[in-house]
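Here's the letter readout for the chains.
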2 protein chains.
Amino acid sequence: MKSLARSFYDSPMRPEKIEELSFATIDREAPAHNFSEEEWIIVRRMIHSTANFELAKYTRMSPDAMESATNALSSGKHIYVDSNMLKAGISAARLKSIFPGYTKDMIHCHVADADVAAEAKESGMPRSLHAIRKAKDKLADGGMFCFGNSPVALMELSRMILEDGVKPSLVVAMPVGFVNVVESKDEFMSLGVPFVGISGRFGGSSIAVSTIHSLCAIAVERKKNSEQ
Amino acid sequence: MKSLARSFYDSPMRPEKIEELSFATIDREAPAHNFSEEEWIIVRRMIHSTANFELAKYTRMSPDAMESATNALSSGKHIYVDSNMLKAGISAARLKSIFPGYTKDMIHCHVADADVAAEAKESGMPRSLHAIRKAKDKLADGGMFCFGNSPVALMELSRMILEDGVKPSLVVAMPVGFVNVVESKDEFMSLGVPFVGISGRFGGSSIAVSTIHSLCAIAVERKKNSEQ
């Protein structure tokens with residue numbers, strides 16, 4: 001029998017075509033929902049990156065999320081991420097599509113920094129907590145924060161919003177797991193800060209990356225429409 | 001009301017403790033299964049990284065997977081990965097725990113290489129296909145392959161196994177999505193190569209990373225036991 005690869009060589013599909021077919025499948029199989037067209041762009045890509053249709057049930061967005069996020073991306077705001085997987089996954093090309101000056105250096109992650117590791121050893125608390133503290137000054141005024149892993153980092157951001165006057169332009173609130181995760185999201189989502197998040201236990205780097213990519217696409221589309 | 005972060009400062013938890021509590025929750029809530037103790041280490045960490053208990057239904061391992069993977073890791077075999085997120089996510093410290101000579105440079109990813117992009121433009125086929133071809137010579141004899149994204153790369157690996165004599169010591173077969181994904185896994189899993197995989201549509205970088213980390217822990221444990 002012919003291998004799948006050989007069949008694929010005979011009638012290759014471009015990545016854009018594969019994505020289009022995938023999105024059509026998701027649209028067809030997704031449960032009924034009340035997301036707006038723009039919101040569905042985000043949720044659909046989350047499902048695309050996980051094959052987990054349950055995400056449609058748990059995704060939450062603040063009413064101001066789309067406006068605030070597209071403004072932030074259009075003006076090249078810096079982004080804090082809670083893992084180097086997220087930094088690796090966020091495409092510079094997609095960021096540049098909405099703000100040509102974006103570079104990978106504008107995505108900050110401090111969890112693997114030596115000083116952060118030393119502080120964590122000293123305090124007995126997770127590196128993710130010391131890492132986000134380190135990013136505070138650069139991100140405090142309208143930065144974006146993107147969490148796919150650490151509920152402790154999200155908790156610390158909530159504290160910085162409450163106590164230190166940190167004002168994010170967007171928070172992607174998608175830590176994953178079983179300890180402090182649900183609680184950290186519930187607390188954060190009550191603060192009145194623009195966010196795209198997932199309530200409950202689901203989350204992860206891939207979903208968080210896909211959200212940033214969707215927001216870039218939405219920002220590009222909004223810009224096009226405003227220029228017509 | 002006191003913020004969660006302030007409560008956490010008052011009674012901080014070390015990361016090891018958080019992980020232990022998470023694993024206990026997963027053990028308690030997981031559906032009945034027939035995984036061996038070592039296999040469950042892998043599946044449990046997959047659930048830990050996604051909060052998706054469905055993975056217990058879809059995870060498959062070849063009978064020789066554990067033996068072959070732990071031997072490969074213990075002797076420092078090179079690893080091919082299908083995304084830079086995977087490369088960023090795999091911990092050098094965990095690899096070094098079983099083979100001190102491991103470095104990040106022994107994890108290969110070619111999807112973002114300029115020559116691969118040029119070939120893909122020329123052929124109209126995905127970069128992931130040209131990327132894995134580029135890795136062939138270095139990985140052909142007992143290398144490990146780790147897929148969390150691209151079914152086309154997995155299809156091409158199956159072809160290389162069938163036609164070119166490529167002999168992986170382990171394949172982590174977890175591409176995710178809706179086009180060619182189920183088929184590429186079914187084909188690959190029939191080839192008699194050692195693997196840990198997920199049948200169906202589920203997959204992703206985080207789960208694939210977690211599998212490599214679990215295999216490192218299992219290899220360390222086996223080594224300890226063999227030395228007693």
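*Asks:* Looking at this structure, I do not really get the overall build of chain A. What am I missing?
*Replies:* A count of helices and strands for chain A gives twelve helices and six strands. Relative to a compact globule of 228 residues, whose C-alpha radius of gyration would be 17 Å, chain A shows 18 Å and is just as compact. Reported as C-alpha extents along the three principal axes, the dimensions of chain A are approximately 60 × 50 × 35 Å. For chain A, buried positions account for 51% of its 228 residues. Nonlocal contacts in chain A, meaning residues at least 24 apart in sequence, comprise 74% of its contacts between residues at least 6 apart.

*Asks:* Any chance you could explain the interface of chain B and chain A here in plain terms?
*Replies:* Quite often, the size of an interface is put as the accessible area lost when its parts meet. Each partner contributes to the interface: chain B provides 44 residues, whereas chain A provides 44 residues. Elements with a contribution of two residues or more to the side of chain B that touches chain A: α1 (4–10), α2 (15–29), α3 (37–50), α6 (84–89), α10 (151–164), α11 (181–189) and α12 (205–227) of chain B. Grouping the amino acids of the side of chain B that touches chain A by side-chain chemistry returns 20 nonpolar, 16 polar and eight charged.

*Asks:* Can you walk me through helix α9 (residues 127–139) of chain A in this structure?
*Replies:* Because each turn of an α-helix spans 3.6 residues, side chains separated by three or four positions end up pointing in the same direction. Residues and elements named next belong to chain A. Taking 1.5 Å as the rise per residue, α9 with 13 residues should run 18 Å; its terminal C-alpha atoms sit 18 Å apart, in good agreement. Taken together, the buried positions of α9 are occupied by Arg-127, Ser-128, Leu-129, His-130, Ala-131, Ile-132, Ala-135 and Leu-139. Where α9 is buried, its residues meet β2 (79–81), β3 (107–108), α8 (114–123), β4 (144–147) and α10 (151–164).

*Asks:* What exactly am I supposed to notice about the sheet that holds strand β6 (residues 195–198) of chain B here?
*Replies:* Within a sheet, neighbouring strands are paired by backbone hydrogen bonds and run either parallel or antiparallel to one another. Residues and elements named next belong to chain B. Taken together, six strands build an open sheet; the order of strands is β1-β6-β5-β4-β2-β3 and the sheet is mixed. The open sheet terminates on both sides in strands that have one partner only, identified here as β1 (59–61) and β3 (107–108). Where strand β2 (residues 79–81) lies against β3, two bridges are found, and the strand directions are parallel. Opposite Tyr-80, over in β3, you have His-108 as the bridge partner. Contacts from helix α9 (residues 127–139) reach β2, β3 and β4 (144–147) within the one sheet, and its direction differs from that of β2 by about 175°.

*Asks:* Would you take a moment to explain the pairing of β6(B) for this structure?
*Replies:* Two faces belong to every sheet, and in a regular strand the side chains alternate between them. Residues and elements named next belong to chain B. Covered by surrounding structure in β6 are Phe-195 and Gly-197 together with Val-196 and Ile-198, the residues of both alternating faces. As defined by bridge partners, β1 adjoins β6 across three bridges and the pair is classed as antiparallel. Pairing of Arg-60 across the sheet is with Gly-197, part of β6. One ladder, built from three bridges, connects strand β5 (residues 170–173) with β6; its direction is parallel. Bridging from a neighbouring strand, Val-172 pairs with Val-196 of β6. Read from β5 through α11 to β6, the crossover connection turns out right-handed.

*Asks:* Help me out: how do you make sense of the sheet that holds β4(A) in this one?
*Replies:* Residues and elements named next belong to chain A. Strand order in the open sheet made by the six strands is β1-β6-β5-β4-β2-β3, with mixed pairing throughout. Each of the sheet's edge strands pairs with one partner strand only, and the pair in question is β1 (59–61) and β3. Bridge count between β2 and β4: three bridges; the pairing is parallel. Of the residues in β4, the one forming a bridge with Tyr-80 is Phe-145. Along the sheet, helix α5 (residues 65–74) makes contact with β1, β4, β5 (170–173) and β6 (195–198), crossing β5 at roughly 110°.

*Asks:* Whenever I open this one, the relation of the copies chain B and chain A confuses me. Can you help?
*Replies:* Both copies of the chain are related by a screw-like operation: a rotation about an axis and a shift along it. Once turned by 180° and shifted 0.0 Å along the axis, chain B lies on chain A with an RMSD of 0.0 Å. The relationship between the two copies is best expressed as a two-fold rotation axis. Scanning chain B for the C-alpha nearest the rotation axis identifies B:Met85, at a separation of 2.4 Å. A high fraction, 100%, of the interface residues of chain B reappear at the interface in chain A, so the copies pair face to face through one surface.

*Asks:* Looking at this structure, how should I read unusual backbone geometry?
*Replies:* Residue and element names in this part refer to chain A. The backbone of Ala-51 shows a phi angle near 60°, a positive value even though the residue is not glycine. With respect to the element layout, Ala-51 can be found in the loop between α3 (37–50) and α4 (55–58). Residue Ala-51 is classed as buried on the basis of its 23 C-beta neighbours within 10 Å. Of note in this structure, Asn-180 is not a glycine but carries a positive phi near 70°. When you line up the elements, Asn-180 lands in the loop between β5 and α11 (181–189). Residue class for Asn-180 comes out buried when judged on the 22 C-beta atoms lying within 10 Å of it.

*Asks:* Would you mind going over the nonpolar core with me for this structure?
*Replies:* Most often, soluble globular proteins keep nonpolar side chains buried together rather than apart. The biggest cluster of nonpolar side chains holds 140 residues, and the ones touching the most others in it are A:Cys146, A:Val172, B:Cys146 and B:Val172. If near-sequence neighbours (up to four positions away) are discounted, A:Val172 is found in contact with A:Cys146, A:Phe147, A:Val196, A:Ala208, A:Thr211 and A:Ile212.

*Asks:* Looking at this model, I keep getting lost on the packing of α10(B) against α11(B). Mind explaining?
*Replies:* Angle between the axes and distance between the axes are the two parameters that describe a pair of packed helices. Residues and elements named next belong to chain B. Direction vectors running N to C along α10 and α11 enclose 25°, while the axes themselves pass 9 Å from each other. It follows from the interaxial angle that α10 and α11 lie roughly parallel. At the point where α10 passes α11, the crossing takes the left-handed sense. Seen from α10, the contacting residues are Pro-151, Leu-154, Met-155 and Ser-158; seen from α11, they are Val-181, Ser-184, Lys-185, Glu-187 and Phe-188. Along the lines of polarity and charge, the residues of the contact of α10 with α11 split into five nonpolar, two polar and two charged.

The rules we used
- Residues numbered from 1 in each chain as written.
- Chains lettered and ligands numbered in written order.
- Predicted model: local features only at pLDDT ≥ 70, side-chain atom pairs only at ≥ 80, totals over all residues.
- Helix = DSSP H or I, 4+ residues; strand = E, 2+ residues; numbered from the N terminus.
- Rg over C-alpha atoms; globule rule 2.2 N^0.38 Å.
- Buried ≥ 20, exposed ≤ 12 C-beta atoms within 10 Å, placed from the backbone.
- Contact = placed C-beta atoms within 7 Å.
- Nonpolar A, V, L, I, M, F, W, Y, C, P; charged D, E, K, R; others polar.
- Expected span 1.5 Å × (residues − 1).
- Pairing = 2+ DSSP bridges.
- Axes fitted to C-alpha atoms, helices over the stretch in contact; angles between N-to-C directions.
- Right-handed = clockwise from strand over helix to strand, strands pointing away.
- Least-squares fit on C-alpha atoms with pLDDT ≥ 70 in both.
- Core = buried A, V, L, I, M, F, W, Y, C linked by C-beta atoms within 7 Å.
- Parallel < 35°, antiparallel > 145°, perpendicular 65-115°, else oblique.
- Left-handed = near helix turned anticlockwise from the far one by under 90°.

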